[in-house]
Every structure is written in structure tokens, then in C-alpha cells.
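Residues per chain are reported as follows:
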Amino acid sequence: VGAMVVHPNRDCFAYCEKGQGAVVRVCDMQGRTTKRIEGAAQIDVDTMSFTADGSALLTVAGLPDFKVTIWDWQKDAEPFEDMQLVSGTAPAKLKEGSFNPVNPDQMCFLGVDNTLYVCNVVAGTAGPELGFEKFSPPSEGVTFVSFSWTAGGLLYCTTSDGCLWLGDPQTAAPVGESVVISAEGALCHVIATNRHLVCWCSDGVLVWLGLESLSEGYRVKVPLQRGDRIVSVCLGDSSVFAGSHDGSIFQVRLLQEIPDGNYRDEEEEPSPVTLKDADVLIGEVQSDSHHRLFRVALSHRGPVNGISPLPALGCFASAGSDGVLMLWDTVSGATMAAQRCSRSLTGCASHPTKPFVCIGDTSGVVSLLDVGTPARIRARATFKLFSGPVSVVSFSHDGMLAAVGSAGSPHLYFLHVDSSGGCTVVGFTELPESGVTHLGWTARTSVVAAGQHRLLFEVKGVPHERPEDSDGLELKGTAVACVRAQGAVRGLATSGAGVSCAVQGERKTLVLSKGAWREVQKGDALDGVAAAQVVSEHADHDKVPGCLAASVDGDSVGSCGSDGLVVLRTGAGMSQCLKRRCFSVWEEGAAVVAVQASGQNVAVFAGGTGGALQVLCAGDMAAMKGAQSAEPAGSVAKTLVDLLGEQVEEEIQRTFAETQLLSDLEMQNALNAARKNATREQLRGLKATLDALLEHNENAPEIERIPREEIVLDRELRDSIIKDGDQRVLATQTKIRRDNTVKDLMAKRIKELAWDSMSVHGAKLLSFTTAQTVHNFPIRVPTEQEKLAIEKVRAMRRIEISMTKAQKKELGMSNSLIELAVADTAAGGDAAARVAEAAEGVLQGETAEDPDEVWIRNQDDPCLYHRFEVSTRERKTSQIIMLEDCITRAKQSFNTLFDDFMKRKVVVLGKIEEKNLRIVEIQEELGSNEELFDARLNDEEQPDRVLIVEDSDVKVEKWVSKEEIRRRQEEEEAAKKKGEGEDAADRALMGMMGGTLAGESKVNKLNETLEKPAHLTPGEGEELTEEQAKELKEWEAQKKALEAEQETYRKALEGENKKLRAEILEECKKFDDGMQELVDARLKTDYNVYEQELYKIKLIQAVAQEEDDIAASIALKKSLTEMDERREGAARAVDEFSSEVSEAERQLEGLKTDSANNEKHFKKEVVDPASAGSKDVAEMLLRTYRRRGDLRELPPALSDEVMQRAEELLEEAVQHDGLVAEAQAAAQAVRGELERLTWTLKQMDDSIHAAEEELQELETRMMSAGSDLDLTLMLKQGQVEVEQAAVATDFSDAEIVEKGVIHANNSLITTSGKEKVAILFEIKDFRKGIHVLQWENSRLDLEEEELLQRTKDLQLLRVTKGLQSIIKGSDEGKTAHENSSLEKLVSYQTKVHGQRVKEKAKSVEGLTAQARVAGRENAELDEDIFALESAVVERQRLCELQGTAAQQGEGRAKKSEESKMRMMVTHRKLLDLAKAQTREIELMREELVRLRARTFPSFAQLSQASLPDTII
């Protein structure tokens, strides 16, 4: 069945079978065909649909015609073309379609490529036609998944991004906002009901949305296995049924009414979901207060590869490619158990008497399962017999042996199953031809095997146990007989009549004789094998049978094939045949079959390639099942376990034969261990002898010594290794060169596209101490075409400006731009203010300056149009080109400032480098190792660095050849010799004077020490003389002086170090502060660039919109012309049919008049004469005439003549009635056609009217586009009162308010505020007075309390003698003396303080004078620094202008410049040393004179020689 649809009234349904000349059949609910429609498709109908009232039927054909037809299916007409209302061809293959419930002339279709189409019935030249329009997806990369019509005619569709959209059939596009159903990438579908939109997703989510609000009312999640998905859903009255990819069918039973949106207060919200059992076999899965979820069915996903009856349990087993073994009840078809395996199953076989099932999978593993208790399936044994998939498994008739074969192996394995269920591998028999795909047992120990070849093999004498004398698994005692079939064997079964087989190319089942089989040995040629003798043949199938199976007793044989037929042959000579088509030919029919016989009852079990199962029975199925029954399992078993409950190993690496071989090898290795040890000892001895000979050769005299490379035990192996190595080296070199060539080519192309095409490369300027950075603007090199375009536009614009000026001079001053300039003032900005002032001056007569000239002078580009002048398409295009040039020039201007700051930074880096060098010298003298200020240009500040690859960038160790090493050593030696010659002066100074003329005191004064003379240290028991004691005191004084001098020098160096570091930080801070100017310039440039780019984009959009409008206008006009022509044709057709209708009605009226006249004649000639005899007879005659009855049934009251005349008149009336009926039908037909034409004319008028309105709207928009111009306004952030959005703020409903209005409002607010503040001040002062009075009262109360307390204290005070003397006044003298002493002390301190203030003032004056002198010196130094910096900049520019020649010679001159620099530094050092040491010589001479005056000799102290390069 290709398609099926149910009538809206649910009283019938329509379906169509696939096949040549597909026929649509309409059946009642009992399956009886009531209508037959031919011609719907050539092969297949993909989808069908009824209209909402069920009056019309839609059919959509598939390949090759894609025919879409609407049928009046209730009409009885031959040929079937008369039933067609309208027909057309779909634009693509469609998979789904339905009518609009409100408009039956509108349909929606979904293509197999997930494209959505809207189809309308339109009037054509030859009648009604189908017009398809493709639905536009909501965004790029999104496709449609499903659609559904609501009862009100709304179209909802879902997209691949999990969203639900409302579709507009008129515009063929989604409208409004989408509703996100699934954000996890699952495909979402939609079904419309009366109140809800039910959306279901492939991940198992079901969502109910309110039809009016589109709010989610309820959501259900079906628990699915990993990798599983929902593939179909249908709705019932109170249930939803869902089918999953793994073959499960779920029922969602609704317990309460689902709301159409959010839950209201009176509605109960669902309780938490209770998951009962997600793996339940059949039964409840989950539930809550609003639903219960059941699994109602479970089946295979994909082909069924094995099926076998289980007589021991009264059920049958099936194995699928989905890796599931399932047990089924034979009578009810219910699932009893499901066992998931780790791999796809390729076959299964059941034990004839025990509840055992043997399965094989794709990895070559065979497992014997105990299914006696379906709820607990256990693996009794598991063996990996093949490295490839197992093809077939079969039990012998008694169940003692099981044969296993594989299509990729010649081995046929045999397993032995004992009475207790134990399973062992007996061994294998190697067949002469590889591949076993079919098996059939002929006896207890004989089996027939066949593969995809033409040979059949019978293996006889299979033992139940492995022979003890066998060396391996191969069975030596079995015999193999062979016979040749007519073709490649496709199916095999053994029965009492013989061996039945199906061969390639034959639609027959051949029964072969058991005779004429020839026994063959291993290695025999099979060319002379005789052909099999055919006993009988049965042509039961339309195609080649694909599988055969026989019952255990051999009396029945079943077959199946890709034709979908299941055939059962039984009886004597297999003469009785029963067949039935159970599977679809389009789904490749049936794959496997099995037969079970019990007395006269025979059952056939078949499995299809789509996962379906069929059980057919000839007899009583219940009797076949017997009394055996087993309790079904409750859940799906996910893992396979053994008898101990442990999980069976999922991946078995080695086959059974390999395991046995490894076991034998281990045993052999154990037996050969002693031999191996002896061989190893012998090898060790030989190696020791060889090593001794090699050592002897190394120690032998040179004349007797043999070179090591000539001592080769195997010269051929050595030469082969060398040759292979050379070849690999050559291949590697070739590959590296090719890769390098490819990389160089790619690098060259990338450089041309991304580097050479840029006139300014991107760079970033970094600050020293902050994280502030500034980028420049990368600028692309303009093409010649762009240059010509801007030059052409500028020239034309200058001509236009000149012409405008000339016209103004002739025609007078134009004030058009004055208003524009004043209008621009609202946008803010200095330029707008200047233009406004100039414009006002023109109005007031203060100046005659042209405001146009003022506006042009204040623009970045004088050729730019004013924004109010950019109205035509040509001006917009020119403005776009000039704006691009303005943007480029703005970027270039900023880049110039950026380059200046980069040069400043280079100068600052030079200063920092000089200071760092001095800091290094100081640190060497101090012996410290503080970190220096790291100041250098970053790679991002040097864009050219991106093209330079340093050695440090290459992380892989570079391979250096021996020649390269030798060359580097020679270069180092040459450089060393050259350096020795250049450093001759330094070496002479080191050799003669130890590197300095004054020792190390001036080089490193801090390390200078004063050694104590030896004669000043007395020996044991000795004392110093008076002279020695005096000299010791002098030495100690000198030592203290030296230490004091060193401490002073150290502090000076530390101070200088701190000063230098502070100066470095100050330089960095100064530069960082100056960078703010660059940052401001960048922001200002960004504002300008963004504004110009926004304006340019607006212009581009306007030009594009104008082009689109023009194209749309042309298309609409063309469409209107075509519709007018079609409307004229339709109007002519209406006029013609109006005349035909009038003619048909006139003819019908004439026939009706003739009918009345005929009745009058009948009355006159028959009724009137009869009424004379009897009025009753006359009335009967008239009634009979009117109902055209049989006059002979009336009583014989008339004469024969009158009766004959009456019959003639009645016959004429009947014939006339036929003419009237034909005329009525013709009139009705032409009236219907006229109504259809009138409706078509009305539809065309509506279409024309809609097109005219659209054209008028488009022309109105095009006219207004010339005057509707976009203006950009620069507003301060605080002046924007519109609420800011996260990305882009919508200003569509915003208004711009003049500043004066704002200032007026602010002034009013300020005035009101001041008045309010004054009132508040009055209130404050009044309250302040109240608080002051309260405070005064409190103070007086406290004073009163204090006075009372003092009175009490005085009353209670004890009077002592001292107190009495004070009261009497006798202690006044002592107090006066103390006061006079303190006054003297105060006067003295005041005098001393005045003196110190004068001293400090003098010190301040001196320091101020020194500061003025230092300031003047600093100013002079600043001027020198500025001059030097200018010279450095000029020299740097000269170096840049020297060209590529200097760059090419840079590498060669680098060494010479370094050597010259070293010579200059050494020369300068020597001069400084000479000057310093001249002073030292003079001091030493004075010291020598002083020492000669002493009586003891003097010894010079030689210092340790040091290198001059270390002197700084």
C-alpha cells in the first residue's frame, strides 16, 4: 500500500497499492470496495487526502509523472477522466499533502526535499489549473519538517531548528514570531486539533499548545533508548499513539482535559512524573496526574535474520539485525521476552525438545541460550568460531548436534549439546568450497550444506565428541559427498521427499534425489562433479525463492522470497500447496521462514526485511501450542548474562580455533623451553667470541688492524640496508621539497592577498605602564578602477558645483541651503553651529557670504553633496564613492598621527636604553642584580615582524649535517682570529698594566682593600716599637678613611640608580599621558568613520531598494497585462456561455411546454372518454400516465382502440421525458460551467484589483523614497532619553526635541526648585530656633545641677592647713617666684627660635638660587635634547629613504659596524682611563716623596690583571 486516507465522516477509507497502473480503491469500514478509480498514477500514489466535507479526493503520484489530481470520487462516470475536477504536475516529488478546511481550492504540500508548497486552483485558458508556489523558509539553512491545517483555515508548520511558525498561504512565507518547541536539535512535527496544536519531536517530546494563545499547556517526554527516536504519531479521542524507530508503539492515555495555555487557578497542575519501568516489555512506563504512558507493542527494527519455533515452550523465537532476540506467543502474538545483544544477530535455531536457542552474530560468536524462563534468559555457552559473521545455525533432529556455518569460511563447525544442557565444540569439517549459507539435516549425524556457489555438500559421520587422537579441531573421520545444482543455491531444506533447494535464476523449488552424490576428498578437483537429479519441481513463486525450511518430520516444506509470498507444501510428494502473500514486494518481501508440524496441524513462521513477522497455520493453532506455557518477561533485558549471573563478554578478540592454537603453542613453548635456553647460551658464547675478536682487532697494530666497516658478517644484508636507507632518504628529500614548494606557493599567494594588497598594515601602540592600547587603521591599496571612478566622480561634481555657482550669479542668490544648515544645527557639532551663524548673518544682512560656500568649506570633502540633495540614484551612487574616499582619507590622517607617536616611543625607548646601560654599570659596581625596566617594541607594534621567522619560533630541533657543523666551526675560528687582531690594544694594556694604570681602585672602588703590612703584625712574645705603633695608627686611620670614602661612593651610586629608575618611570608616564591625545583622536576618527559608513550603508540600501522596486514594478505591470488579457478571455467565455445557457433554458422550457400539451392530448383522447364511464377509472388513468406506469395493470374498462392509443401516448410521454431529462442535464451543466466561469472571472478581478493596489502602493513608496532621506544625528549619551536596548535601540517612535524647549523646562524646574529650597530654609531656621531654645533650657538645667553639686562639695569639704593658708593668702610669694622663672624661660626660647628662623631663611635663599641655576641648566639641556632628538629623527628618515640597497647590504655591514663600534668604545675607554690615571700618577708621585722621607723601604703592590672589556 502506497497511501491510505480515512474519510472525515469515518464511514469509508481510500487506499492505493503500488504497482503498474496504480488503482485507487474506496472501501467501507468492512473492507468492501465501493468505488474504483484508475489513472491516478503510473506506478504509485505517494499521498492522498479528502476535503473537509469529503466531497473530493486528492491523489499525488510519485515517479515518474508527479501527477496531482482532484477527483469527484462520488461521481459514477466512465471513462475515469470525467471524474477529474482538476489535474496538474507537481514541481517535485511530494510526500504529504492536504486541503485547506475552509477553502477546498487551496492545498499545502511537503516535498521529499523538505520544501513546502502552497497550491491553488486557478482559472486557466483551457479550464481550471493548479498553481504551485514555493514557501520561503524563515532563515537560511532551515528547512520545513511538517505542516497542519486548523479547522479555521490557519496553516502551521515546523522547521528543522525545532520551531513552530504560522504560515501565510497568500504570501507563501512564515509570519509573526516562532514558538520554540525543541532547542536540542530534534525534528519537530505538528498536528492540529479543535483546541490544541500537538507537537511531537523525534526525541520523544509531546507538547500541547493552545490554538489561540500558542502557549504551552502540557508536555510529555517518552523515555527512549539511546539512539532511538519517534518516527510517527497519530491522535485518538483521548489517547496519543507514537511509534519509535526501535519498533515500539507507545500509548499516551490522557486522564484530564489539557488546558489551551497556562494553567488557571481552578485547574490542577500535573504532579511529578513517576517512572515505573522505562524498559517494560508491554505495560505502563510512566504516569502523572494528567497522563499514563504504556508500551503496547514491540517489534524488530530492520530485517529479521532468523526465526525458529520453540515446541518446548509453545512459542517461537526471532532474531533481528537490531541485535534483539524476541520470544512470541504462537497464538496471541504477544511478546514474551526481548533480549538485547551487543551485536547484530544473523541467525537463530531452536532445540527440538528443550527450551534452548542457538544464535549467531556478525562478529562470528555463537551462543546457546536457555529461554526456559523468559524473564531470565541465560547464556549456557558462548564461542567465537569465525572472524566474520555467522551465516546459518541449525540443530539436528534429536538436538544432540548443532551445525554452524559462515559465508566467508570453508569450515563447518559442530557443537554437541548433552542432556543436561552442556555445550562443547566438537570440531569442524573443511569443505572443498568456501562459504556456508544454508544447512539441512538428513540424519542424526549427516547434514547438507550449501553456499552462494552451485555445489551441495553432505557431511556424514559427525561424532558427538571430539576424537581423542585428533591433533586439532578438524574432524578427520567425517565423509563429504558432493553434487552440483543447476545454479547458485538461494535456499535449502531437507525433507522426506529429498533435498529441496532454490537456485539463482529459477522461480521454482527443485526437489533433488539423494542418489548420485559423489564422495570427495580434500584437494580433489570439483569440475567433474555430476549434476543433481531433479525428482520434482514446484513453480510457486513470482520470483526466486529466498529461503526454504522443513519441519522436523520432513513432511512439510515452507518457502518465501522477495515476492512477498509464503508457500507451504505438504502431503505425499509435496503435492498439496498453500500460499499467501504476506509481505510487500516493495519492501523486498520475506527474508526467513520456519515450519512446525504437529499431527495434521502445520504452522509456518515468516519474517520480513522490514521487521514484520507472520504466523500462518493450516489447522488448529491452539492444538499446536499444547499445554506448555511460560510466564512472559516484564522488561526488556539489556545485557546478556551467563548461568552465574555475570555479564557475557561483549568483545571476544580471538576465535575458538585461535584460542586452542595459542593454548597448544603455549604448551609447545613450555616443552621447548630447555632447548631455547641452550640455544641462547650458544648465541651468548658466539657473541662473546665475536666481541673478543673485535677488541683484539682494535688493540692490534695499525698494519694488522682491519677497518671496522670491512668486518661484515653479511655483506648482502649490509648493502641492502644501505640501499634501502638511501632510497628512503631520497624519497624523504623529494617529499620535503614538494611540501616546501607547496607551502612557499601558498605563502606567496597569501602574502599577495593579505599583505601586498595593503598600503597600511595593522599595528597596535602599547603604553608602558598601563593597559591602554591604540590600533591604527589598515588600509587596502585601491585598484585602478577605483581610482578612475573617484577621479571621474570628483571631476563631474566640480563641474556641477561650478555650474551651480554660475546659475546663482545669473539668477540670484538661492537660500535653499540656509534652512538646511539651520536644520542641521539640531544635530549638534561645531561645523553645524558655524553654518547656522553664517546663515543667520545672511538673513540679517550682516554678511553676503554664501551659506552653500560656508557648508562646503566646513566639510571633509568639498565635493560631497548635501544630504538633502542626495535624491536621485546617480547622486546616491556618486555620494557612495566619495564617502568611501572620505573614510580612507580620515583613516590616513589618523595613521599619520599614529606614526608620529610610534616615532616618539622609539625615541623614548632609546633614552630608556641609555639609562639601563648606566644602571647595569652601577649594578656591576654595587654587586647587585636588580631587574631592569624591560622596554622594547612589541611584535604587534612592528607589523613587518609577521613576515620574519626567528630561530626561537621554530620549536622543532633543527637537523644539522656534518658539513654544516664543519662550516660553522671554521667560521668561529676565523672570527676568533680576527677578534684577536682587533683587540691588540686591549691585550697590550692587560699585559703591561693589568688593564689599568691605577689598579682596580678606579674601576671598582668598592672592592678596594687596604692590606695590613706584615711588619705591623708582631710575632709571638714580641712587641711593637714606637715607630711601628705610630705607623699602625696611621694605617688604621687610612683604613677608616677608605671605608668612609667607599660608603660615600656606594650611597652616591645608589642615589644615581634610584634617580635613573625614577627618570625612566617619568619618561614612561610622560609618554603614557601623551597617548591620551592619540586615544581621543582615535575615538574622534571612529565617530567620523562610523557615521560615514552608516550613511554609506543607508545609501546602498536605498539604491538596492530602488532597484528592487523597479524590478517589482516591471513584474507587476507585466503580470497586470497578462491578467487583463486572461480576464478579457474569461469575460468572452462568460458571454458565450450566457448565450448557451439562455438557449438551453429556452429549449428546456419548450420541452416542458410540449410535455404539458402531451398530457392535454392524453386527457382529451383517453381520460375524457373514460370519465364518461367511470370517474375513478379516469383518475387512475391520469395518475398512471403521470407516473408513467403500466396501463395493463389497470382494470379493463377501456376499449382496445382507446387502450392502444393510451399506450402510444404513454410511450411518447416516456420518450419525451428522456428528452426533458437530457435537456435539464445539459442546462444544469452549462449553468454549472457558467457559475465556474463567473467565479473564475470574479477571482481574476480580485487578483487584478490586488495587483493594482500593490502596484499603487509600490509607486507611492517609490515616489516618497525620493524625498524620504536618512539623516544621522550625533547626540550626547545623556541627551538620549530612549531606553537603550542590548544590541540595537529602536528609535522608530522617538522624537527629537529642540534644546530651547529643554532649557525652558529646565529653567522652570530650577525656579520652582529654588522657591522650594527657600521655603525649606525658612522651615529649617524656624526649627533651628526651636532646637536652640530646647538646648538653652537643657544647658541651664545642667548648670543648675552642677552648681547644686558644687555647693554640696564645698559643704562637705575638709579644711586642711594648706587649704587654710591658700584661703588666707600666705603662699603668694612662692607663686610669684615660679611665675618669674617661667617668663625668663619663655623669653629665651623666643630669642633662640628667632635666630634659627633667620638661619633657615638664609638656607632657603641659597637653595632657591641653586634651584634657579639648575633650572637654567635644565632648560639648556632640554634644548640640547630636543635638537638631538630632531637630529635622530632626521637621520632615521634618511635611513628609511636610502631604499632597498641599504636593506640588502644591512646584513653585510652589520659585522663591520659592530667592529667599528667596539673600536670606538675601546678608544673612548682608553682616553677616560688615561685622563683619570694622569691624576693618579701625580698623587702617587707626592706619596712617593713622602715615603722616601721615611727610614723603611716601600714595596709596590701588583694588582691582579683584568680584561679591559670588563671596565665600564
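Parameters and conventions
- Residues numbered from 1 in each chain as written.
- Predicted model: local features only at pLDDT ≥ 70, side-chain atom pairs only at ≥ 80, totals over all residues.
- Heavy atoms only, no water.
- Pairing = 2+ DSSP bridges.
- Helix = DSSP H or I, 4+ residues; strand = E, 2+ residues; numbered from the N terminus.
- Axes fitted to C-alpha atoms, helices over the stretch in contact; angles between N-to-C directions.
- Core = buried A, V, L, I, M, F, W, Y, C linked by side-chain atoms within 4.5 Å.
- Buried < 20%, exposed > 50% of the residue type's maximum accessible area, 1.4 Å probe, protein only.
- Patch = residues over 30% accessible without salt bridge, like charges linked within 9 Å, V, L, I, M, F, W, Y side chains within 5 Å.
- Areas by Shrake-Rupley, 256 points an atom, 1.4 Å probe, with all protein chains shown as cover.
- Salt bridge = Lys/Arg side-chain N within 4 Å of Asp/Glu carboxyl O.
- Lys, Arg positive; Asp, Glu negative; His and termini not counted.
- Charge placed at Lys NZ, Arg CZ, Asp CG, Glu CD.
- Disulfide = S-S within 2.5 Å.

Colleague: Just to check I follow, could you spell out the sheet that holds strand β30 (residues 335–340) for this structure?
Modeller: Strand pairs in the sheet, formed through backbone hydrogen bonds, run parallel or antiparallel to each other. Pairing is antiparallel in the open sheet, where four strands are placed in the order β27-β28-β29-β30. The sheet is open, and its two edges are formed by β27 (304–310) and β30, each paired on a single side. Neighbour to neighbour, the strand axes of the sheet diverge by 15° on average, direction disregarded. One ladder, built from five bridges, connects strand β29 (residues 324–329) with β30; its direction is antiparallel. Each residue of the ladder has a partner; that of Met326, found in β30, is Ala338.

Colleague: Even after reading the chapter, I still don't get the nonpolar core, so can you show me in this structure?
Modeller: Across soluble globular proteins, you tend to see nonpolar side chains buried next to one another. One finds Leu310, Leu325, Val357, Ile359, Leu369 and Val371 to be the most contacted residues of the largest nonpolar core, which totals 37 residues. For this core, the secondary-structure elements that each account for two or more residues are β27, β28 (315–320), β29, β30, β31 (345–350), β32 (356–361), β52 (590–598) and β53 (601–608). Core analysis: the next-biggest nonpolar cluster, separate from the first, contains 25 residues, Ala763, Met902, Ala935 and Ile1064 among them.

Colleague: Just checking my understanding: could you explain the pairing of strand β36 (residues 401–405) for this structure?
Modeller: Strand residues, when the strand is regular, have side chains that alternate between the two faces of the sheet. With five of five residues buried, β36 lies mostly within the body of the structure. Along β36, one buried face is formed by Leu401, Ala403 and Gly405 and the opposite face, lined by Ala402 and Val404, is buried too. Here strand β35 (residues 392–395) runs beside β36; their pairing, made up of four bridges, is antiparallel. Within β36, the position partnered with Val393 by the bridge is Val404. Following β35, the chain reverses through five residues before pairing antiparallel with β36; Gly399 in that reversal takes a positive phi of roughly 80°. Bridge analysis of β36 against strand β37 (residues 411–417) gives four bridges, and the strand direction is antiparallel. Across the sheet, Leu401 pairs through a bridge with His416, a residue of β37. With antiparallel pairing between neighbouring strands as the criterion, β36 and β37 make up a hairpin whose turn holds five residues.

Colleague: Can you walk me through the pairing of strand β16 (residues 173–180) in this structure?
Modeller: Where strand β15 (residues 163–168) and β16 come together, five bridges link them in antiparallel fashion. Its bridge partner lying in β16, Cys163 is registered against Val180. Connecting the antiparallel pair β15 and β16 is a turn made up of four residues, with Ala172 showing a positive phi of about 55°.

Colleague: Sorry if this is basic, but what is going on with a negative patch on the surface here?
Modeller: A surface patch of negative charge is lined by Glu1122, Asp1124, Glu1125, Glu1128, Glu1252, Glu1253, Glu1254 and Glu1257. Looking at where Glu1252 falls in the secondary structure, it is placed in helix α14 (residues 1200–1265). Classification of Glu1252 as partly exposed rests on a relative accessible area of 41%.

Colleague: Sorry if this is basic, but what is going on with the state of the cysteines here?
Modeller: A covalent bond bridging the sulfur atoms of two cysteines is what the word disulfide describes. For the coordinates displayed, the defined rule picks out zero disulfides. Between Cys119, a free cysteine, and Cys108, which holds the nearest cysteine sulfur, the sulfur-to-sulfur gap is 9.8 Å. Among the residues examined, Cys119 registers a relative accessible area of 0% and is labelled buried.

Colleague: What's the story with the sheet that holds strand β34 (residues 378–384) in this structure? I'm lost.
Modeller: Strand order in the open sheet formed by five strands is β31-β32-β33-β34-β55, with mixed pairing between adjacent strands. Among the strands making up the open sheet, the edge pair consists of β31 and β55 (641–642). For β34 and β55, the ladder comprises two bridges, and the chain directions are parallel. Note that in β55 the partner of Ala379 across the bridge is Asp642.

The quantities given are spatial measurements derived from coordinates; they are silent on function.
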